[in-house]
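Tertiary structure, described
The primary structure of each chain is shown beneath.
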Amino acid sequence: MEILLEGPQEFAAKDGRRYVLREFRMADLSSVVSINRRVLPENYPEWFFVEHHMSFPKAFIVAEMGGELVGYMMNRVEYGWSYINKGKAAHKGHVVSIGVLPHARRLGIATNMMIRGMKAMKKFYEAEEVFLEVRVSNTPAISLYKKLGYEIAGRIPRYYSDGEDAYIMARTLADL
């Protein structure tokens, strides 16, 4: 199924339930903040989510299932040194935060949010590549990112507040 880059799109989850991907709206703010606080140890203030929505609205994706927000993906595009073409500058999509509630995991939601978010960063914000940081211990996320074509491009010692290292994972957007 082709993933749309604008408006809501319905999907069948791996278990047959239906969910919708769409762009974040300000009315979603409290639900997105709640998901962030429930599933991730890195929490952001409300203004941080609003800032990303205002700057990159087409690349801030939410997932809704049965009338409940169950996931989000917040992205931005930066200009700096490429992780793919070393020594060159690039417009880089940055997956700032992605989270899915436990009861909605392993259904394909994160995969489809990632694809839509990456395509949106390329089409609307001219990103040439995309990167993210992930805990070195987060095997399920690392597996998902590798499945989506990401490779480990570096390691940041003590990146997280609890002292855990992060991998930088990156991929080109040329094939999307």
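Scope of this entry: the structure provided in the associated data block.

Cut-off values and rules
Residues numbered from 1 in each chain as written. Predicted model: local features only at pLDDT ≥ 70, side-chain atom pairs only at ≥ 80, totals over all residues. Heavy atoms only, no water. Core = buried A, V, L, I, M, F, W, Y, C linked by side-chain atoms within 4.5 Å. Buried < 20%, exposed > 50% of the residue type's maximum accessible area, 1.4 Å probe, protein only. Contact = heavy atoms within 4.5 Å. Helix = DSSP H or I, 4+ residues; strand = E, 2+ residues; numbered from the N terminus. Pairing = 2+ DSSP bridges. Right-handed = clockwise from strand over helix to strand, strands pointing away. Expected span 1.5 Å × (residues − 1). Salt bridge = Lys/Arg side-chain N within 4 Å of Asp/Glu carboxyl O. Arc of directions from axis to C-beta. Axes fitted to C-alpha atoms, helices over the stretch in contact; angles between N-to-C directions.

1. Things to note about the nonpolar core
- Core analysis: the largest hydrophobic core is formed by 53 residues, its most contacted members being V95, I109, M113, M114, Y145 and Y150.
- Contacts of V95, omitting those with residues within four sequence positions, involve M73, M74, N75, M114, M121, V130, F131, L132, E133 and Y150.

2. Examining the pairing of strand β5 (residues 89-100)
- The element β5 is largely enclosed, with a buried count of 10 among its 12 residues.
- Note: strand β4 (residues 68-81) against β5, 11 bridges, orientation antiparallel. Bridging across to β5, G71 finds its partner in V100.
- Sheet analysis places β5 next to strand β6 (residues 129-135), joined by four bridges and oriented parallel. Across the sheet, residue V95 finds its bridge partner in β6, namely L132.
- Where the polypeptide runs from β5 across helix α3 (residues 109-125) and back to β6, its parallel neighbour, the crossover connection is right-handed.

3. With respect to α3
- In this model, α3 (17 residues) spans 23 Å end to end at C-alpha, consistent with the 24 Å of a helix rising 1.5 Å per residue.
- Within α3, 12 of the 17 residues are buried, which leaves it mostly tucked inside the rest of the structure.
- Directly after α3, the chain includes E126, whose backbone phi takes a positive value near 60 degrees.

4. Digging into the pattern of salt bridges
- Taken as a whole, this structure holds 13 salt bridges when the rule is applied.
- With a closest N to O distance of 2.7 Å, R17 and D15 form a salt bridge.
- Of the charged contacts, one joins R135 and E164 as a salt bridge, the two residues approaching to 2.7 Å between their closest N and O atoms. Residue R135 is found in strand β6, and its partner E164 is found in the loop between β7 (151-156) and β8 (166-172); the two are separated by 29 residues along the sequence. Comparing R135 with E164, the two get one shared label, buried.
- Overlapping salt bridges bring together E42, R135, D162 and E164 as one network.

5. Focus: the pairing of strand β2 (residues 18-23)
- The pairing of strand β1 (residues 9-12) with β2 spans four bridges and is antiparallel. If you follow A12 over to β2, its bridge partner there is R18.
- The antiparallel pairing of β1 with β2 creates a hairpin that spans five residues between the two strands, and G16 there sits at a positive phi of about 95 degrees.

6. Considerations on the environment of T111
- Inspection of the secondary structure assignment puts T111 in helix α3.
- Between the alpha carbons of T111 and Y145 there is a distance of 8.6 Å; along the sequence they are 34 residues apart.
- Beyond its immediate chain neighbours, meaning those up to four positions away, T111 contacts L144, K147 and L148.

7. Digging into helix α1 (residues 29-39)
- Where α1 is concerned, the buried positions are L29, V32, V33, I35, N36 and V39. Burial along α1 is one-sided: seen end-on, the buried residues are contained in an arc of 160 degrees. Turned more than 90 degrees off the buried face of α1, the exposed positions are S30 and R38.
- Where α1 is buried, its residues touch α2 (46-55), β3 (61-65), β4 and β5.

8. Points about the sheet that holds β8
- Taken in spatial order, the eight strands line up as β1-β2-β3-β4-β5-β6-β8-β7 in an open sheet, and their pairing is mixed. Edge positions in the sheet fall to β1 and β7, since each of these pairs with one other strand and no more. Between one strand axis and the next, the sheet turns by 25 degrees as a mean value, whatever way the strands run.
- The sheet contact formed by β2 and β3 spans four bridges and is antiparallel. Residue pairing across strands places V20 opposite E64, the latter belonging to β3.
- Along the sheet face, α1 touches β3, β4 and β5 and points at about 85 degrees away from the line of β4.

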